[in-house]
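# Descriptive analysis of the structure
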Amino acid sequence: MRVLVIGSGAREHALLLALARDPGVSALMCAPGNAGIGKIAEQHSVDIASGEAVAALAKTLDADLVVVGPEVPLVLGVADAVRAAGIACFGPSADAARIEGSKAFAKDVMAAAGVKTAHSEIVDSPAKLDEALDRFGPNWVVKDDGLAAGKGVVVTTDRDAARDHAAELLENGHPVLLESFLDGPEVSLFCVVDGETVVPLLPAQDHKRVGDGDTGPNTGGMGAYTPLPWLPEQTVTQIVDDVVKPVAAELVARGSAFSGLLYAGLAIGKDGPAVVEFNCRFGDPETQAVLALLKSPLGELLNAAATGTLDRVAPLEWQDGSAVTVVVAAEHYPATPRTGDVITGADGDGVLHAGTKLVDDQVVSAGGRVLSVVGVGADLDAARADAYSKISAIKLPGSHFRKDIGLAAVEGRIAIP
């Protein structure tokens, strides 16, 4: 099977590394890729937002399967164009990708499916903002209703900060979603979905804020770990049965059947799981940790979902132990990052590239989240030690990373209310 992966981040690097372990995969290609991906896959230029361009490239490369990594091309219908060209594609249609592309659509689907989520309200006019804010608090959750790459959310007890963020979104023409605050620790559960067939992967936890101790602004994700020692196994079953399967069935009933990776972000409160958000693709940085422990052939799994045969796939097998991803970010991230600096020590096992490129045969920084460093071990403590040991060999001027990824779980400081 010849596989073309679309994207340029550490998520795509992780997908390619896992695909490379599948004996059924004969060729790996990526567009556009990055400096690290170039060592394991052919790289090609493409406008990833153009379905026509991606489909044409897939035909030129004689790809058997296209895997679309990022959300933007999925929301724009790139998977539809690839399938229309007669090529199997792992990724939902534009219609189904609205589960991420429009939070209002996602709320409507959840309401129809009877899935527990935060109380919410859409505000589309500055004139309605203050009155709406008064109906929420003392914790305000303010979101951009469209795609925001994980950075369009403000959670605060400061009403003025909530209002400022909402007003800025509205000024830029973006409707605002206000939500009630959900208590309890957060969980990311990835599920491979084919219509009403749902295959869950390992649960993970992301660390969104830039600083240790969950301080500072939200980012696209500064690290993640899997599995979750504090999460009962039956809770994963509950999430699949009470959240993911009903949503998948509702999308089928609407004629918007989901095919690809459905990512449920949840808060596990005293009354059980409640949905924070859905995404229509593998999440970054959780993917890097989850796929590090996957023993089953990934190409076979993704191809089964893409060709409507997911119900025939054998139960997934996982490596024992834990995995931790730590993101190494450029100076100033999540504000405008400093780029163009030479990186050394980034070619070892477990070092996945994101914002990198080759310039004069040197690897240089080319984005905010530059590298994802993955550690594995017999337990979470050992996986953390492995990840941070690998980071010590990397040199990038001005870079920063969180030193507490997974630490609260190791120290037993995470508990379901």
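Residues numbered from 1 in each chain as written. Predicted model: local features only at pLDDT ≥ 70, side-chain atom pairs only at ≥ 80, totals over all residues. Heavy atoms only, no water.

### Considerations on the sheet that holds strand 15 (residues 223-226)
Across the sheet, five strands lie side by side as 12-15-18-22-19; this open sheet has antiparallel pairing. The open sheet terminates on both sides in strands that have one partner only, identified here as strand 12 (205-206) and strand 19 (351-353). In the sheet, strand 18 (residues 322-329) pairs with strand 22 (residues 369-377) via eight bridges, with the strands oriented antiparallel. By the bridge assignment for strand 22, V326 is matched with V373. Lying over the sheet, helix 12 (residues 380-391) contacts strand 15, strand 18 and strand 22, oriented at roughly 140° with respect to strand 22. (Pairing = 2+ DSSP bridges. Helix = DSSP H or I, 4+ residues; strand = E, 2+ residues; numbered from the N terminus. Contact = heavy atoms within 4.5 Å. Axes fitted to C-alpha atoms, helices over the stretch in contact; angles between N-to-C directions.)

### Section: helix 8 (residues 159-171)
An ideal rise of 1.5 Å per residue puts 18 Å on 13 residues; helix 8 measures up with 18 Å between its terminal C-alpha atoms. Among the residues making up helix 8, those that are buried are A162, H165, A166, L169 and L170. Taken around the axis of helix 8, the buried residues stretch over an arc of 135°, which confines them to a single face. Exposed residues lying more than 90 degrees from the buried face of helix 8 are D160, D164 and E171. Close packing links the buried residues of helix 8 with strand 6 (120-123), helix 7 (129-133), strand 7 (140-144), strand 8 (153-156) and strand 9 (176-179). Backbone nitrogen of D160 and a side-chain oxygen of the N-cap are separated by 2.9 Å at the start of helix 8; the cap is D158. Once helix 8 ends, the next one or two residues include G173, with phi positive near 80°. (Expected span 1.5 Å × (residues − 1). Buried < 20%, exposed > 50% of the residue type's maximum accessible area, 1.4 Å probe, protein only. Arc of directions from axis to C-beta. Polar contact = N/O pair within 3.5 Å; in protein donor to acceptor, adjacent residues only side chain to side chain.)

### Quick look at the packing of helix 6 (residues 103-113) against helix 9 (residues 233-253)
When two helices pack together, their arrangement is given by the angle between the helix axes and by the axis-to-axis distance. Two elements in contact, helix 6 and helix 9, have axes separated by 9 Å at closest approach and are oriented at 105°. When the axes of helix 6 and helix 9 are compared, the pair comes out roughly perpendicular. Along its contact with helix 6, which presents F105, V109, M110, A112 and A113, the element helix 9 presents P246, V247, E250 and L251. The residue inventory of the contact of helix 6 with helix 9, partitioned by class, reads eight nonpolar, no polar and one charged. (Parallel < 35°, antiparallel > 145°, perpendicular 65-115°, else oblique. Nonpolar A, V, L, I, M, F, W, Y, C, P; charged D, E, K, R; others polar.)

### Topic: the pairing of strand 4 (residues 65-68)
Of the two faces of strand 4, the one lined by L65 and V67 and the one lined by V66 and V68 are each fully buried. Sheet topology places strand 1 (residues 2-7) next to strand 4; four bridges connect them, and they run parallel. Each residue of the ladder has a partner; that of I6, found in strand 4, is V68. In the sheet, strand 4 pairs with strand 5 (residues 88-90) via three bridges, with the strands oriented parallel. Each bridged residue has a counterpart across the sheet, and for V66 the counterpart in strand 5 is C89.

### Some thoughts on a nonpolar patch on the surface
Nonpolar side chains collect at one region of the surface, where V72, L76 and L147 lie side by side and expose about 240 Å² of accessible area between them. Mapped onto the secondary structure, L76 falls in the loop between helix 3 (71-75) and helix 4 (78-84). Using a relative accessible area of 53% as the deciding quantity, one classes L76 as exposed. (Patch = residues over 30% accessible without salt bridge, like charges linked within 9 Å, V, L, I, M, F, W, Y side chains within 5 Å. Areas by Shrake-Rupley, 256 points an atom, 1.4 Å probe, with all protein chains shown as cover. Salt bridge = Lys/Arg side-chain N within 4 Å of Asp/Glu carboxyl O.)

### Structural notes on the confidence of the model for the protein chain
Atomic detail in the predicted coordinates should be set aside for any region of low pLDDT. The predicted model of the protein chain has a mean per-residue pLDDT of 96, with 99% of residues at 70 or higher. The secondary-structure element of the protein chain with the lowest mean pLDDT is strand 8, recorded at 88, while strand 4 shows the highest, at 99. (pLDDT = per-residue confidence, 0-100.)

### Remarks on the sheet that holds strand 16 (residues 259-269)
With antiparallel pairing, the four strands of this open sheet are ordered in space as 11-10-16-17. Each edge of the sheet is formed by a strand with only one pairing partner; in this case those strands are strand 11 (197-200) and strand 17 (272-279). Between one strand axis and the next, the sheet turns through 35° on average, direction left out of account. Note: strand 10 (residues 186-194) against strand 16, nine bridges, orientation antiparallel. By the bridge assignment, V193 is partnered in strand 16 with G260.

### Digging into unusual backbone geometry
The amide bond that connects G137 to the next residue, P138, takes the cis arrangement and shows omega of 5°. By the secondary structure assignment, P138 is in the loop between helix 7 and strand 7. Here the bond from D284 into P285 is cis, since omega is 25°, no more than 30 degrees from zero. As for its position among the elements, P285 is in the loop between strand 17 and helix 10 (286-292). Residues other than glycine seldom take positive phi values, yet H332 does so here, at roughly 85°. Mapped onto the elements of the fold, H332 is located in the loop between strand 18 and strand 19.

### Focus on the pairing of strand 16
For strand 16, the tally of buried residues reaches 11 of 11 residues, placing the bulk of the element in the interior. By the bridge criterion, seven bridges tie strand 16 to strand 17 in an arrangement that is antiparallel. Residue Y263 lies in a different strand from strand 17, and its bridge partner there is N279. Where strand 16 folds back on strand 17, the antiparallel hairpin that results is connected by two residues.

### Some words on a negative patch on the surface
A surface patch of like charges, here negative, comprises D158, D160, D164, E168 and E171. As for its placement among the helices and strands, D164 is situated in helix 8. According to the relative accessible area criterion, D164 is exposed, its value standing at 52%. (Lys, Arg positive; Asp, Glu negative; His and termini not counted. Charge placed at Lys NZ, Arg CZ, Asp CG, Glu CD.)

### Observations regarding the packing of aromatic side chains
Enumeration according to the criterion identifies four aromatic pairs in this entry. Each ring, one from F90 and one from F282, has its centre 6.1 Å from the other, and the planes form 35°; the classification is tilted. Taken as a pair, F90 in strand 5 and F282 in the loop between strand 17 and helix 10 lie far apart in primary sequence, 192 residues in all. By the burial criterion, F90 is buried, and F282 matches it. Ring centres of F190 and Y263 lie 5.0 Å apart, and the angle between their planes is 40°; this geometry places the pair in the tilted category. Here F190, found in strand 10, pairs with Y263, found in strand 16; they are 73 residues apart in sequence, far enough to count as distant. By relative accessible area, which is 1% here, F190 ends up buried. Grouping aromatic residues by their ring pairs yields a cluster made of F90, F190, Y263 and F282. When the ring centre of F105 is taken as origin, the NZ or CZ atom of R98, which lies over that ring, is 4.0 Å away. (Phe/Tyr/Trp six-rings, centres within 6.5 Å; stacked < 30°, edge-to-face > 60°. Lys NZ or Arg CZ within 6 Å of the ring centre and 35° of its normal.)

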